[in-house]
Amino acid sequence: MKYKRLLFFMAASVLCFSACNKFDLKNVQGVHTEGEVLLPIAHGKYTIVDLMQRFEMDSLIDYDQSGNMSYNLLFEQMGLLKGSKLLKFKDLEINEHFEVPNPQPGVILPFPIDTVFHYTQTVQLESEHVSMRSASMKSGRFDFVLSSNFPDIRQIVISSTNIKDEEGNIFSFEYQPEIGQSSVDLSGMRFESTMENTLSFDYAVRVKMQELPMEDFVFDINLTGRQLALKDMSGYVNTYSIRNSLDTVFSVFPDNMSGMLELENILVTLSERNTFGLEAQFIIDSALIWGNGIEPFQLISPLPLVVTAVPSPIFIQIFQQYLNGTLNAHAGNAHVSSDLILNPNGLHQLVEVCDTSSVDMRILANVPFQFNIDEIHYIDTVNMRLSQIQSPEWIEKLTLELTFVSTIPFKLSGKFMMYDSEHGVVTYNLLDDATLIAPSYDGQPTTTQVTVEITDEAIIQNHIFDSDRIILDFVLDTESHDVVLNSNQFLEFSLKTRVGYNGNINLNND
């Protein structure tokens, strides 16, 4: 198995000791000396797990019982289909005209009488997706405008046995537009009907009659419904199809990385969560990965892929395969597109659906840390404080002695440059294409020693004490070996500084 993996967390080990690279001679005073002062500066030991935690990558890493590692790359499409998308009805407007012949037009009664006329109106709620038998309303309102040729209307009461309030009382509403009572807020009310998506309203019109000149008794109703949405329902869901896509940019490693990753045996797992209570079907026709300088390749093959998403309150696996490909270490692009079909077989079965029901998809790419690295770069800077060295005018030579003991299976080489960030200049090249860490391909520790000398002439000419940073330019290489990262592998280092003086200093051991 091979892939070029930019193991930037390994280079972090050098950051660890570089960040500690400060020495303080404030306790060295007042004696003429010619010679060297040896200062142990830093010592540390880090396992792969330590370095993962240091870079806050441990949550992305899996370890098996042997300590072998893999990296998880996750793509999610949450809410591909939401219940709130289906559980709503079209706005409606109904104009209805009721007309009853007057048996004795023009008659004048000897005295006024009170009577009640009853009218029934059937309302069909329109939805392309659902047919409800019972439901709780999330939002919506009905507005009424009523008119009649009755000369004296005393009261209009509108009721419906299909609607109940939160206490279970049958809906009843007195129409009084003169005081603003001409609409009803449906939020929280409950609908029940033996006929799907059908409501009936009863209008009781109480009138006082004495003179009846009209040929017909006329009653006109204008009913409008707005923002009618359900919180939950018991009913039927029609076959519903929706097109969806995901376009995202992802970053595997930090911005200061460069190089290509040749990937093999990546385990791709497709999972779904379907809380609709109905089967759904995914038809995935594109799942592309690409990046700068990388030709697009399919994350899933062959395509189109047709899979069934059964009802489940948790994510369950519906597809899995291994694949090979290439990624850019800096960043990549992903595109996934599919058709989602709810109730693909058109089954007419009673189901419970709520506005929080959803179909979600998750693609997990598990990348084993088995790789072959060739010329992968990592660039970073670390701060340093040479200003803490006392009496720099007496220094003849600075010598840094670095010792590495490693069981990590790759070679680390590169350049170290001292940098003055205030003036934006490199003041001195500490190392140039030096081997910092020798690889361990057999699990046995390897030891590497690196010595860096800086003379007094270089200190003065290059304004080294103006430097406040070290630029690190690393190259990682496995020298054509196929290697495996393991949590038990470690890197141990120690750093000593020899300061050569020619002057008067005092030694104070406090």
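Structure: above.
The structure presented is a predicted model; accordingly, all values stated were derived computationally and were not measured.

Cut-offs applied
- Every chain is numbered independently, its residues counted from 1 as its sequence is written.
- In view of the model being predicted, local features appear only for residues whose pLDDT reaches at least 70, and side-chain atom pairs are presented and counted only at 80 or more, with totals across whole chains, interfaces and linings using the full set of residues.
- Side-chain measures here rest on the full set of heavy atoms in the structure, leaving out hydrogens and waters.
- In this description a helix means any DSSP run of H or I spanning at least four residues, a strand means any run of E spanning at least two, and both kinds are numbered starting from the N terminus.
- With a 1.4 Å probe rolled over the protein chains alone, any residue whose accessible area is under 20% of its type maximum counts as buried; one over 50% counts as exposed, and the rest are partly exposed.
- Note on definitions: a residue-residue contact is assigned when non-hydrogen atoms from the two residues lie within 4.5 Å.
- The protein chains shown are the only cover counted for residues, whose accessible areas, like all others here, come from Shrake-Rupley with a 1.4 Å probe.
- Think of a nonpolar core as a cluster: buried Ala, Val, Leu, Ile, Met, Phe, Trp, Tyr and Cys residues, connected wherever their side-chain atoms sit within 4.5 Å.
- Here, a salt bridge means any Lys or Arg side-chain nitrogen found within 4 Å of an Asp or Glu carboxyl oxygen.
- Here a polar contact is taken to be a pair of N or O atoms separated by no more than 3.5 Å, where protein atoms must pair a possible hydrogen donor with a possible acceptor and residues adjacent in sequence count only if both atoms sit in side chains.
- Only protein atoms enter the 1 Å grid, on which a cavity is a set of points fitting a 1.4 Å probe that cannot get out and a pocket is an open set with protein on both sides within 12 Å along at least 5 of 7 lines, lining residues being those with an atom within 4 Å of a point.
- Grid points are joined across faces, edges and corners, and a volume is the space filled by probe spheres set on the points.
- Each residue receives one of three labels: charged for Asp, Glu, Lys and Arg, nonpolar for Ala, Val, Leu, Ile, Met, Phe, Trp, Tyr, Cys and Pro, and polar for the others, Gly being one of them.
- Aromatic rings from Phe, Tyr and Trp, taking only the six-membered ring of Trp, are treated as a pair when their centres fall within 6.5 Å; an angle between ring planes under 30 degrees marks them as stacked, one over 60 as edge-to-face, and anything in between as tilted.
- For a lysine, the NZ atom is tested; for an arginine, the CZ atom; a charge sits over a ring if that atom is within 6 Å of the ring centre and within 35 degrees of the ring normal.

J.: An account of the overall build of the protein chain is needed here, citing residue identities and associated values.
T.: When helices and strands are tallied, the protein chain shows four helices and 31 strands. With 510 residues in all, the protein chain has 47% of them scored as buried. By sequence separation, contacts in the protein chain at least 24 residues apart represent 87% of the contacts at least 6 residues apart. For the protein chain, the computed accessible surface area is about 24400 Å², with 46% contributed by carbon and sulfur atoms.

J.: So what's going on with the environment of proline 151? Residues and values would help.
T.: On the secondary structure map, proline 151 appears in the loop between β6 (130-148) and β7 (153-164). Separated by 61 residues in sequence, proline 151 and leucine 212 have C-alpha atoms that sit 8.8 Å apart.

J.: Kindly report on the nonpolar core, identifying the contributing residues and their values.
T.: In terms of nonpolar packing, the biggest core is built from 110 residues, with Phe144, Ile158 and Phe201 touching the most fellow members. Dropping the residues within four chain positions of it, phenylalanine 144 is found in contact with Ile158, Phe173, Tyr175, Ser182, Val184, Phe201, Tyr203, Asn222 and Leu223.

J.: Describe the environment of phenylalanine 111, listing the residues and the values that go with them.
T.: Looking at the secondary structure, you find phenylalanine 111 in strand β5 (residues 107-124). For phenylalanine 111, a relative accessible area of 52% translates into the label exposed. Considered as a pair, phenylalanine 111 and glutamine 210 are 99 residues apart in the sequence and their alpha carbons are 6.2 Å apart. Each residue touching phenylalanine 111, except ones within four places of it in the same chain, is listed here: Met209 and Gln210.

J.: Could you give an account of the pattern of salt bridges, naming the residues involved and the relevant values?
T.: Scanning all chains against the criterion turns up ten salt bridges. Arginine 133 serves as the salt-bridge partner of glutamate 196, at 3.8 Å between the closest nitrogen and oxygen. Pair noted here: glutamate 196 is in the loop between β10 (190-192) and β11 (198-212) and arginine 133 is in strand β6, with a separation of 63 residues, a long-range link. You can call arginine 133 partly exposed: its relative accessible area is 32%. We note a salt bridge from aspartate 339 to arginine 243, for which the minimum N-O separation is 3.4 Å. Highlighted residues: aspartate 339 in strand β20 (residues 332-342) and arginine 243 in strand β13 (residues 240-250), separated in sequence by 96 residues. Accessibility expressed as a relative area gives 24% for aspartate 339, which makes it partly exposed.

J.: Quick rundown of the side chain of glutamine 121? Include the residues and the values.
T.: Within the secondary structure, glutamine 121 sits in strand β5. You can call glutamine 121 buried: its relative accessible area is 0%. A polar side-chain atom of glutamine 121 sits 2.6 Å from a polar atom in the side chain of tyrosine 203. The contact partners of glutamine 121, leaving out residues within four places of it in the chain, are Ile94, Glu96, Leu199, Ser200, Phe201, Tyr203, Ile221 and Leu223.

J.: A description of the layout of surface pockets should follow, citing residues and the corresponding values.
T.: There is about 220 Å³ of room inside the largest pocket. Along the wall of the largest pocket there are 15 residues; nearest its centre are Met69, Ser70, Asn366, Pro368 and Gln370. Broken down by secondary-structure element, the contributors of at least two residues to the lining of the largest pocket are β2 (61-63), β3 (69-82), β15 (260-274) and β22 (358-368). Split into classes, the residues belonging to the lining of the largest pocket amount to eight nonpolar, five polar and two charged.

J.: An account of the packing of aromatic side chains is requested, with residue identities and associated values reported.
T.: Inspection of the entire model under this criterion finds eleven aromatic pairs. With 5.5 Å between their ring centres and 90 degrees between their planes, phenylalanine 142 and phenylalanine 201 make a pair best called edge-to-face. Residue phenylalanine 142 is found in strand β6, and its partner phenylalanine 201 is found in strand β11; the two are separated by 59 residues along the sequence. Grouped by ring-pair contacts, the aromatic residues Phe98, Tyr119, Phe142, Phe144, Phe171, Phe173, Phe201, Tyr203 and Phe219 constitute a single cluster. Its guanidinium or amino end placed over the ring of phenylalanine 315, arginine 362 lies 3.9 Å from that ring's centre, counting from NZ or CZ.

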